[in-house]
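Now for the letters of each chain:
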Amino acid sequence: MNQWNSFSSFAARLLHLAALSYLLIPAALCTTYNRTSNLAAYQFLDAFTWQTIADPVHGRVNYVNYSTAQQDSLVSVNGDRVVLRADSTTTLDPTGPGRNSFRLVSNERYTTHVAIFDIVHMPQGCGTWPAISEIDDTSSTAGGKIDILEGVNDQTPNLSSLHTSANCTMPDSRVMTGEVQGDDCSSGSGCGVDIDDPASYGPPFNTMGGGWYAVERTATYISIFFWERDDASVPRQVSHPGRTVDPSTWGIPAAYFPNTECDFTTHFAPHHIMISLTFCGDWAGTNATYSASGCPSTCVDFVNQNPSAFSGAYFEFNRLSIYQ
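Summary of the structure given here. Treat the numbers as computed from the prediction; the structure is a model and nothing was measured. (Residues numbered from 1 in each chain as written. Predicted model: local features only at pLDDT ≥ 70, side-chain atom pairs only at ≥ 80, totals over all residues. Heavy atoms only, no water.)

**Concerning unusual backbone geometry**
Let me state the cut-off plainly: Numbering of helices and strands runs from the N terminus; a helix is a DSSP stretch of H or I covering at least four residues, while a strand is a stretch of E covering at least two.
Of note, the amide linkage connecting Thr 156 to Pro 157 takes the cis form, showing an omega dihedral of 0°. Inspection of the secondary structure assignment puts Pro 157 in the loop between β10 (145-150) and β11 (159-163). Residue His 58 is not a glycine yet carries a positive backbone phi of 60°. Relative to the helices and strands, His 58 is located in the loop between β2 (48-50) and β3 (61-63).

**Quick look at the pattern of salt bridges**
Oppositely charged side chains are able to pair whenever their charged atoms sit close together. This is how the line gets drawn: Put simply, a salt bridge is a Lys or Arg side-chain nitrogen that is within 4 Å of an Asp or Glu carboxyl oxygen. For the exposure calls, accessible area comes from a 1.4 Å probe over protein chains only, and a residue counts as buried if that area is under 20% of its type's maximum, exposed if over 50%, partly exposed in between.
Overall, the coordinates contain 7 salt bridges when judged by the stated rule. The partner of Asp 137 in a salt bridge is Arg 109, and the shortest N-O contact between them spans 3.0 Å. Taken as a pair, Asp 137 in the loop between β9 (128-135) and β10 and Arg 109 in the loop between β7 (103-106) and β8 (113-121) lie far apart in primary sequence, 28 residues in all. For Asp 137, a relative accessible area of 52% puts it in the exposed group. Residue Asp 147 is joined to Lys 145 by a salt bridge in which the shortest nitrogen-to-oxygen separation is 2.6 Å. For the pair shown, Asp 147 and Lys 145 are each scored as buried.

**Examining the state of the cysteines**
Where we set the bar: Any two cysteine sulfur atoms lying within 2.5 Å of each other are counted as a disulfide.
A full pass over the atoms with the stated rule returns 4 disulfides. One disulfide bridge connects Cys 168 with Cys 262, the sulfur atoms lying 2.0 Å from each other. Measuring the twist about the S-S bond at about -100°, one finds the Cys 168-Cys 262 disulfide to be left-handed. Of this pair, Cys 168 sits in the loop between β11 and β12 (179-180) while Cys 262 sits in the loop between β17 (255-258) and α6 (264-267); the two residues are 94 residues apart in sequence, bridging distant segments of the chain. Here Cys 280 is linked by a disulfide to Cys 299, with a sulfur-sulfur distance of 2.1 Å. The sign of the S-S torsion, about -100°, decides the handedness of the disulfide formed by Cys 280 and Cys 299: left-handed. Taken as a pair, Cys 280 in the loop between β18 (272-279) and α7 (281-284) and Cys 299 in helix α9 (residues 299-305) lie far apart in primary sequence, 19 residues in all. The same class applies to Cys 280 as to Cys 299, namely buried. When the cysteines engaged in disulfides are numbered in sequence order, the protein pairs them as 1-7, 2-5, 3-4, 6-8.

**What to know about the pairing of strand β19 (residues 314-323)**
Here is the rule we go by: For two strands to count as paired, DSSP must find a minimum of two bridges between them.
Buried residues dominate β19, accounting for 9 of its 10 residues. Here strand β1 (residues 33-39) pairs with β19 via 4 bridges, running antiparallel. The partner of Arg 35 across the bridge, within β19, is Tyr 323. Of the strand pairs in this sheet, strand β5 (residues 81-85) and β19 are connected by 4 bridges, and their pairing is antiparallel. Considered in β19, the bridge of Val 83 is made with Glu 316.

**What to know about the environment of Ile 322**
The cut-off we apply is this: Two residues form a contact once any of their heavy atoms are found within 4.5 Å.
Structurally, the position occupied by Ile 322 is in strand β19. On the basis of relative accessible area, Ile 322 is assigned to the buried category, the value being 1%. Linking Ile 322 and Arg 243, residues 79 residues apart in sequence, is a C-alpha distance of 9.9 Å. Once residues within four sequence positions are removed from consideration, Ile 322 is found in contact with Asn 34, Arg 35, Thr 36, Ser 37, Leu 39, Tyr 110, Val 114, Ala 115 and Ile 273.

Given below as structure tokens:
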């Protein structure tokens with residue numbers, strides 16, 4: 001009888017550990033998604049709306065509409081490639097609007113999905129704050145926010161994060177290649193993960209010809225992946241996207257966010273994809289962040305007075321593939 005009790009206790013502990021491991025390790029079950037959007041060239045642009053709102057992060061920026069972007073050559077299509085850039089010719093009046101730039105938000109909203117971003121170039125330069133994110137209709141954290149690609153002032157590596165309302169945290173131990181930079185998703189900086197690759201952001205990313213970012217959002221976890229352009233391990237499903245993908249075959253994600261300590265159903269609404277470039281603001285422009293980046297002057301003065309410094313402040317996309 002004692003042997004049976006001992007065995008039962010041991011078996012119960014094994015089951016508990018197995019259950020815990022299942023929650024903290026990215027799912028290995030086959031999950032096939034079907035392509036619903038294959039966006040390049042003008043189809044890419046048609047899938048987005050150009051927002052002209054006041055910048056939610058208080059940047060030295062003026063978000064323009066599509067017509068103005070065309071007129072000022074801030075948007076272009078070359079074959080399948082789409083280029084979105086900031087103004088790099090205008091010296092700004094310190095009392096006038098910020099530097100012209102873009103904030104694109106997808107017309108469609110997504111819950112469970114996979115999105116693959118094939119990016120040739122991302123904005124670089126002191127004062128820059130580019131982002132590829134997923135947001136709700138309010139552009140706040142009320143419905144959750146997923147920062148897939150984000151950084152400031154050319155500082156590597158990329159930071160992938162979740163931002164939510166209260167009572168959403170991440171476990172310290174997770175199976176991913178990135179490094180935890182915070183566990184409380186409702187804090188000002190969110191629950192971030194530094195991608196374990198200095199070429200995941202800024203000039204190093206651009207020097208190697210870019211790469212691929214991918215996000216998988218499910219009801220139980222959110223995974224973010226990154227591959228350099230010349231990475232031999234990039235899955236063919238990513239480098240040559242077809243009609244279906246199965247992210248469980250892609251290996252360990254760069255960032256992994258399980259729902260073990262966060263109720264995704266209450267913290268994450270249906271999301272739009274957002275592509276934006278602001279300057280300075282609540283992160284890139286703070287004295288501690290800007291000066292620590294080795295950038296000259298103050299952020300706002302630099303953005304106002306040095307238009308040619310932003311000739312490299314542009315995104316160039318080969319394609320955006322979305323699966324549901």
